[in-house]
Amino acid sequence: MTGEAAGFWRRFAAALIDGILLGIVSGILRAILGFGPGTGLGSIGSFVYFTYFHGRTGQTPGDAALGIRVVDIDTGEVIGYGRAFGRALVSIVSAVVLLLGYLWMIWDRHKQTWHDKAVSSLPVRV
């Protein structure tokens, strides 16, 4: 493992910042395109957002604001676009099961969520 794993509250605050940014964009899309198309495009935009930022730099704007970078748990390198997309997909499962996949990091010894485990990633403090 490389670096100190980011803790729950730091990750929660970063997710809140990203959620606010994505919510604003999604709201604008719904206002322009209507609820159905705007919501669908907003959802696709979320996947693009997390895939792009975690795949390219390992940091979304929320992560950067809180000093977090998503890296490969073994090498410390950025996970790349394919794994970032997989992480975004599995994060849906993490949320659907009563947020258990997200809360998993509280008692996991590496502080990994299910979507971190699925792609061997770890959000670390930078």
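Scroll up a little and you will see the structure.
Residues numbered from 1 in each chain as written. Predicted model: local features only at pLDDT ≥ 70, side-chain atom pairs only at ≥ 80, totals over all residues. Heavy atoms only, no water.

Novice: Where do I start with the layout of surface pockets in this structure?
Specialist: Remark: the empty space left among the atoms is shown by a probe the size of a water molecule rolled over them. Roughly 760 Å³ of internal volume is contained in the largest pocket. Ala15, Phe50, Ser91, Tyr102 and His115 are the residues nearest the centre of the largest pocket, which is lined by 30 residues in total. For the lining of the largest pocket, the elements supplying multiple residues, two or more each, are helix H1 (8-33), helix H2 (35-56), strand S1 (68-72), helix H4 (80-96) and helix H5 (100-103). Take the lining of the largest pocket: its biggest share by element is eight residues, from H1. Classifying every residue of the lining of the largest pocket by side-chain character gives 18 nonpolar, eight polar and four charged. (1 Å grid on protein atoms, 1.4 Å probe; cavity = no way out; pocket = protein on both sides within 12 Å on 5 of 7 lines; lining within 4 Å. Points joined across faces, edges and corners; volume = space filled by probe spheres on them. Helix = DSSP H or I, 4+ residues; strand = E, 2+ residues; numbered from the N terminus. Nonpolar A, V, L, I, M, F, W, Y, C, P; charged D, E, K, R; others polar.)

Novice: Explanation requested: the packing of aromatic side chains in the structure shown.
Specialist: For any pair of aromatic rings, the description rests on two quantities: the centre-to-centre distance and the angle between the ring planes. Enumeration according to the criterion identifies 10 aromatic pairs in this entry. Consider the rings of Phe8 and Trp9, whose centres lie 4.9 Å apart with planes at 85°: the pair is edge-to-face. Each ring, one from Tyr49 and one from Phe53, has its centre 5.1 Å from the other, and the planes form 70°; the classification is edge-to-face. Residue Tyr49 and its partner Phe53 are located together in helix H2, separated by four residues, close to a single helical turn. A residue is classified by how much of its surface remains accessible, and Tyr49, at 12% relative accessible area, is buried. Ring-pair connections join several aromatic residues into one group, and the members of that group are Tyr49, Phe50, Tyr52, Phe53 and Tyr81. (Phe/Tyr/Trp six-rings, centres within 6.5 Å; stacked < 30°, edge-to-face > 60°. Buried < 20%, exposed > 50% of the residue type's maximum accessible area, 1.4 Å probe, protein only.)

Novice: Even after reading the chapter, I still don't get H2, so can you show me in this structure?
Specialist: Turn by turn, an α-helix covers 3.6 residues, leaving residues three or four places apart pointing in a common direction. Here H2 contains 22 residues, and its C-alpha end-to-end distance of 31 Å stays within 8% of the 32 Å for a straight helix at 1.5 Å per residue. What H2 keeps buried is the set Gly38, Gly42, Tyr49, Thr51, His54 and Gly55. Looking at the buried residues of H2, the elements they touch are H1, helix H3 (61-66), S1 and H4. Phi turns positive one or two residues past the end of H2, at Gly58, with a value near 85°. (Expected span 1.5 Å × (residues − 1). Contact = heavy atoms within 4.5 Å.)

Novice: Explain the environment of Arg109 to me, please; I cannot follow it from the model alone.
Specialist: With respect to the helices, strands and loops of the structure, Arg109 is situated in the loop between H5 and helix H6 (114-119). Its relative accessible area of 74% is what places Arg109 among the exposed residues. It is 26 Å that separates the C-alpha atoms of Arg109 and Phe53, two residues lying 56 residues apart in sequence. A polar side-chain atom of Arg109 sits 3.3 Å from a polar atom in the side chain of His110. (Polar contact = N/O pair within 3.5 Å; in protein donor to acceptor, adjacent residues only side chain to side chain.)

Novice: Is there a simple way to think about the nonpolar core in this case?
Specialist: Most often, soluble globular proteins keep nonpolar side chains buried together rather than apart. Among the nonpolar cores identified, the biggest contains five residues, and these are Ala5, Val71, Ile73, Leu122 and Val124. In this view, Ala5 contacts His110, Lys111, Leu122, Pro123, Val124 and Arg125; residues no more than four positions away in its chain are not counted. (Core = buried A, V, L, I, M, F, W, Y, C linked by side-chain atoms within 4.5 Å.)

Novice: Is there a simple way to think about the pattern of salt bridges in this case?
Specialist: A side chain of one charge can pair with a side chain of the opposite charge when the charged atoms of the two come close. Here the structure, examined in full by the defined rule, presents five salt bridges. Across the salt bridge formed by Arg11 and Asp116, the nearest N and O atoms sit 2.8 Å from each other. With Arg11 in helix H1 and Asp116 in helix H6, this residue pair connects regions lying 105 residues apart in the sequence. Across the pair Lys117 and Asp108 runs a salt bridge whose closest N-O atoms are separated by 2.8 Å. (Salt bridge = Lys/Arg side-chain N within 4 Å of Asp/Glu carboxyl O.)

Novice: Honestly, unusual backbone geometry in this entry has me stumped. Any pointers?
Specialist: Backbone phi values are negative for most residues with the exception of glycine, while trans is the configuration of most peptide bonds. Here Lys111, not a glycine, exhibits a phi torsion of approximately 60°, which is positive. Here Lys111 lies in the loop between H5 and H6. One non-glycine residue, Ser120, lies in positive phi territory at about 55°. Take Ser120: it is sitting in the loop between H6 and strand S2 (121-125). Using a relative accessible area of 33% as the deciding quantity, one classes Ser120 as partly exposed.

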